[in-house]
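# Close look at the chain arrangement
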Amino acid sequence: MDTTDRPTTPLATSTPLDRRSPAPDVARGAMLLLIAVANAPFYLWAASSGTFGAHPVEAGTADRVAQTVAIVLVDGRTYPMFAFLFGYGIVQLYRRQHAAGVPHDQARRLLRRRHWWMVAFGAVHALLLWFGDVIGAYGLAGLVLTALFIDRRDRTIKVWIGVLTGLLLLFALLVGALAVLTALAGPEAAGDDAFTIPEPAAIESYLPAAAARFGFWLVVAPVQGLLLLVTPVAVLVAFLAARHEVLERPAEHLPLLRRTAVAGIAVGWGVGLVLALQNLGVLGIDRSADFGLLPVQSLSGLACGLGYAALFGVLAVRWGPARGPVVRALRATGRRSMTCYVAQSVVFAPLMSAWGLGLGEHLSSWSIALVAVATWAATVALAVALEQAGRRGPAETLLRRLAYRRPAVVDVR
């Protein structure tokens, strides 16, 4: 953690609720549903899984429908959007400190402390409940990208977005070529397309499962946060968008938001449909080549995630000042996204894991999707109750207290 002496200039607190743009919070609240649906199949620990999204190979009609919806709309699409919103929040926090007269170095130290604590939060989350935690992955991305780019010119950031996207395209081409060679060699060269993910949820004793979860997370977090390049690209795009207040003033950027939403979602859903058809065995391509489509899924997920974020900007213009109960509930959930994200694991892990009730052995794609929806709905109810009580989420409160090195303000009204 940052051991620098405490700063003397008071740090700026968060923006009051009535001055915050609703789009980022509503987007987070809605996307938490898709995250629940995306994570749920990893708890089906007794099933042999295919390549896309850990969906079981053996599946009935209802399961195939659930898998198709998830592959087209959800898998690989939600985390890039959250990475974008995370990067957007970094610039908002940094700009708020400058507006309050906080020195440059002090504001950077605040961001560094916050991101280190996010890494610590992610480690604890992985150790206790969920090896696929992304809080720590985003923390790692924040540490690196803030240090390298927070004060860079727009042009420099655009160049690096182009470079990293080019590397993603090159990687996709190389893996795709390898997949073609594998398919030409026949299934005997690659073995069975079905495999069993070494899921920690299948371990019957909690302590060995915790050790396995943490070991997985040590590998997964750097890959998700930095090495796959999807998160860095999304965060850097967010840096540019936040500098121009695209989501705070969506009406002034409506053409850009509309183009991004239409193009990003069209690419994401179009590629997702191809992947879903391959998952259904419709395309006639040998399943041993499925791994060659994974980088394409990541690229389309990046486009789709940015499209989803832009869509909520467009919707924010349509909502105007009058917002109904659904929008208010989603906004309350998004303002407590870390608490609600961890709460999903609090439900899933003991309910589905072999060391808990073990329901993951008996459920299938469609039934665990229903559990995911119900779990998300419960977190929305929790967030609304906290909103009505004027309280932040406990995870957000703790992170603020640690990052700001003082008791966090509890009243959010």
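Remember, it's a predicted structure, so these values are computed and weren't measured experimentally.

## So, the confidence of the model for the protein
Summarising the model, the protein shows a mean pLDDT of 87, and 88% of its residues fall at 70 or more. Every residue in residues 1–8 is under pLDDT 50, and counting partners more than four places away or in other chains gives 16 contacts. This stretch, residues 407–413, has a pLDDT under 50; its non-local contacts, to residues over four places away or in other chains, come to 19 contacts.

## Some words on helix H10 (residues 254–280)
The end-to-end C-alpha distance of H10 is 38 Å, a good match for the 39 Å that 27 residues give at a rise of 1.5 Å each. Packed against the buried residues of H10 are helix H2 (61–73) and helix H11 (294–319). Remark: Gly 281 follows H10 within two positions and exhibits a positive phi of approximately 80°.

## Observations concerning the packing of aromatic side chains
Overall, the coordinates contain 10 aromatic pairs when judged by the stated rule. An angle of 15° between the planes, with centres 5.6 Å apart, marks the rings of Phe 86 and Tyr 138 as stacked. Placement of Phe 86 in helix H3 (residues 78–99) and of Tyr 138 in helix H5 (residues 135–149) is noted, with a sequence separation of 52 residues between them. The pair formed by Phe 86 and Tyr 138 is uniform in burial state, with each residue classed as buried. The ring of Tyr 404 is capped by Arg 400, whose NZ or CZ atom sits 5.1 Å from the centre of that ring.

## Let's talk about unusual backbone geometry
One non-glycine residue, Leu 229, lies in positive phi territory at about 70°. The topology assignment puts Leu 229 in the loop between helix H8 (206–227) and helix H9 (230–243). Backbone geometry places Glu 245, a non-glycine residue, at a positive phi of 55°. Structurally, Glu 245 is set in the loop between H9 and H10. On the basis of relative accessible area, Glu 245 is assigned to the partly exposed category, the value being 25%.

## Topic: the pattern of salt bridges
With the rule as written, the count across this model stands at 9 salt bridges. Note that Asp 25 and Arg 28 form a salt bridge whose closest N and O atoms lie 3.1 Å from each other. Note that Asp 25 and Arg 28 are positioned in helix H1 (residues 22–39) at a spacing of 3 residues, about one turn of the helix. Each member of the pair Asp 25 and Arg 28 is classed as buried. Arg 249 is the partner of Glu 245 in a salt bridge, and the nearest nitrogen-oxygen pair spans 2.7 Å.

## Things to note about the nonpolar core
Phe 84 and Phe 239 are the most contacted members of the largest nonpolar core, which has 100 residues in total. Leaving out residues up to four positions away in the same chain, Phe 84 has contacts with Ala 234, Val 237, Ala 238, Ala 241, Leu 247, Leu 306 and Ala 309. Listed in part, the 7 residues of the second largest apolar core include Ala 123, Ala 137, Leu 143 and Ala 221.

Conventions we followed
Residues numbered from 1 in each chain as written. Predicted model: local features only at pLDDT ≥ 70, side-chain atom pairs only at ≥ 80, totals over all residues. Heavy atoms only, no water. pLDDT = per-residue confidence, 0-100. Contact = heavy atoms within 4.5 Å. Helix = DSSP H or I, 4+ residues; strand = E, 2+ residues; numbered from the N terminus. Expected span 1.5 Å × (residues − 1). Phe/Tyr/Trp six-rings, centres within 6.5 Å; stacked < 30°, edge-to-face > 60°. Buried < 20%, exposed > 50% of the residue type's maximum accessible area, 1.4 Å probe, protein only. Lys NZ or Arg CZ within 6 Å of the ring centre and 35° of its normal. Salt bridge = Lys/Arg side-chain N within 4 Å of Asp/Glu carboxyl O. Core = buried A, V, L, I, M, F, W, Y, C linked by side-chain atoms within 4.5 Å.

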